[in-house]
Amino acid sequence: MKAPWLHHGAFFFAGILFDPLEENLAMGKLLDGQIALVTGSSSGIGAAIAIALGEAGAKVVVNHHSDKSLNGAEEVLEKIKAAGSDGFIRQCDISKEEEVRAMFAEIFSRYGTVDIVVANAGIQQDASLLDMTLEQWNKVISTNLTGQFLCAREAAREFKRRGVVEGRSRAAGKIICMSSVHEVIPWSGHVNYAASKGGVKLLMQSMAQELAPYKIRVNSLAPGAIKTRINEDAWDTPEDEKKLLELIPYGRVGVPEDVAKAAVWLASDESDYVTGTTLFVDGGMTLYPGFADNG
Ligand code: NAD
């Protein structure tokens, strides 16, 4: 007799729950033998993704930006090792072409190749349009959009060169772009950020279209409000959090692990037929909650 809440494949026998999917995840089988790079993974969502990929069996290159972020990167690598996997730390400003090329060259010299690239690094530099400087505009676009282009291009070149490796993954490679609900929701006071994420949407889709014939999958994750330092101002007092919750039908602010679980799925063969898609991880923020009782 199967309980209705059990997912496919799980069953009770002699009062004991047998769950092949959980066992598979616990044994780190989903991404066994694969190499992953996660940019900006010394903190926040990137850190959670790097750890989750490591727990799923991948070796993980933990990219961080500057000396200040080294400690965070070390903690992340420790957790990956504690989960029984491995990796290394690599400093790189992903908005700089030469630095990105050098980072990939080191990955190839240490591991031979790469299978999964999560282009996660991103920043906000907020100002009203009227006050925004060209420097603020360029800084956000070069990190959030150009940085993703540079990392995705290096990854795609390697995936195409190497092709599918029998027994490792059904795809020749997986690129996961970090977008945001602001790829569809306009955001006054943040035109640089919203433009960068709107750009990521069509960058991702156009890359997916071009690369699918090479068996390369490209998708985006679009988080809503996730508790990290990038948006601390929006949730760090109970009043702020209450106001933020008005935008989230599901009734809680997200945590980095919510996004990390989706990243593992997108990186694995469990999502082998998924490409060119944005997966919103937002507790319903893009459901226009203001229209629920007004309109
Ligand atoms: P975070 O500030 O903790 O993480 C951003 C990371 O990017 C940091 O580790 C930072 O050092 C790194 N970084 C910045 N510039 C870099 C550069 N030039 N080179 C390399 N690394 C660089 O914040 P987060 O919330 O974890 O953000 C991660 C991603 O998620 C970003 O792309 C952000 O836009 C996106 N996102 C976050 C939220 C949220 O609610 N937190 C929502 C939607 C999208």
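Whatever comes next refers back to the structure up there.
Residues numbered from 1 in each chain as written. Predicted model: local features only at pLDDT ≥ 70, side-chain atom pairs only at ≥ 80, totals over all residues. Heavy atoms only, no water.

Chemist: Just checking my understanding: could you explain the pattern of salt bridges for this structure?
Modeler: Where charged atoms from two side chains of opposite charge come close, those side chains can pair. Evaluated as defined, the whole model comprises 14 salt bridges. Where aspartate 115 meets arginine 168, a salt bridge forms, and the shortest distance between an N and an O atom there is 2.8 Å. In this pair, aspartate 115 sits in the loop between helix 4 (97–111) and strand 6 (116–119) while arginine 168 sits in the loop between helix 5 (134–162) and strand 7 (173–178), placing the two residues 53 residues apart along the sequence. Since its relative accessible area comes to 3%, aspartate 115 is described here as buried. Salt-bridge contacts for glutamate 158 lead to arginine 161; the nearest nitrogen and oxygen are separated by 2.8 Å. A residue pair is termed a helical-turn pair when its members lie 3 or 4 positions apart in one helix, as glutamate 158 and arginine 161 do in helix 5 at three residues. Since its relative accessible area comes to 6%, glutamate 158 is described here as buried. For arginine 161, a relative accessible area of 57% gives the class exposed. Several salt bridges converge on common partners, so that one network encompasses Glu97, Arg101, Arg153, Glu154 and Arg157. (Salt bridge = Lys/Arg side-chain N within 4 Å of Asp/Glu carboxyl O. Helix = DSSP H or I, 4+ residues; strand = E, 2+ residues; numbered from the N terminus. Buried < 20%, exposed > 50% of the residue type's maximum accessible area, 1.4 Å probe, protein only.)

Chemist: What exactly am I supposed to notice about helix 4 here?
Modeler: An α-helix turns once per 3.6 residues; consequently, residues spaced three or four apart project the same way. The end-to-end C-alpha distance of helix 4 is 21 Å, a good match for the 21 Å that 15 residues give at a rise of 1.5 Å each. For helix 4, the complete set of buried residues consists of Val100, Met103, Phe104 and Ile107. Relative to the axis of helix 4, the buried residues are bounded by an arc of 95° and lie together on one face. Looking at helix 4, the residues exposed on the side facing more than 90 degrees away from the buried face are Glu98 and Ser109. If you follow the buried residues of helix 4, they end up packed against strand 3 (35–38), strand 4 (59–64), strand 5 (87–91), strand 6 and helix 5. Just beyond helix 4, the residue with positive phi is glycine 112, at close to 85°. (Expected span 1.5 Å × (residues − 1). Arc of directions from axis to C-beta. Contact = heavy atoms within 4.5 Å.)

Chemist: Quick question: what am I supposed to make of the site of the ligand here?
Modeler: Of all residues adjacent to the ligand, which total 28 residues, the nearest are Ser43, Ile45, Asn120, Tyr193 and Thr228. Measuring from an oxygen atom of the ligand, one finds a side-chain N or O atom of serine 43 at 2.8 Å. Note that a nitrogen atom of the ligand is positioned 3.0 Å from one of the backbone N or O atoms of isoleucine 94. The protein chains hide 95% of the 820 Å² of surface that the ligand would expose on its own. Put simply, the parts of the chain that give the shell around the ligand at least two residues each are helix 2 (44–55) and helix 6 (191–211). Its residues assigned to classes, the shell around the ligand shows eleven nonpolar, 14 polar and three charged. (Near = heavy atom within 4 Å. Polar contact = N/O pair within 3.5 Å; in protein donor to acceptor, adjacent residues only side chain to side chain. Areas by Shrake-Rupley, 256 points an atom, 1.4 Å probe, with all protein chains shown as cover. Nonpolar A, V, L, I, M, F, W, Y, C, P; charged D, E, K, R; others polar.)

Chemist: Teacher, can you tell me more about the environment of valine 117 here?
Modeler: Within the secondary structure layout, valine 117 lies in strand 6. Along the sequence, valine 117 and phenylalanine 291 sit 174 residues apart, while their C-alpha atoms lie 37 Å from each other.

Chemist: Sorry if this is basic, but what is going on with the sheet that holds strand 9 (residues 278–281) here?
Modeler: Sheets are built from strands that pair by backbone hydrogen bonding, the pairs being arranged parallel or antiparallel. The parallel open sheet is built from seven strands, whose spatial order is 5-4-3-6-7-8-9. Taken across any chain shown, the strands that pair with only one partner, and hence form the sheet edges, are strand 5 and strand 9. The mean inter-strand angle of the sheet, taken between neighbouring strand axes irrespective of direction, is 15°. Looking at chain direction, strand 4 and strand 5 are connected through five bridges and run parallel. Following the sheet pairing, valine 62 is matched in strand 5 by isoleucine 89. Contacting strand 6, strand 7 and strand 8 (216–223), helix 5 runs over the sheet at an angle of about 170° to strand 7. (Pairing = 2+ DSSP bridges. Axes fitted to C-alpha atoms, helices over the stretch in contact; angles between N-to-C directions.)

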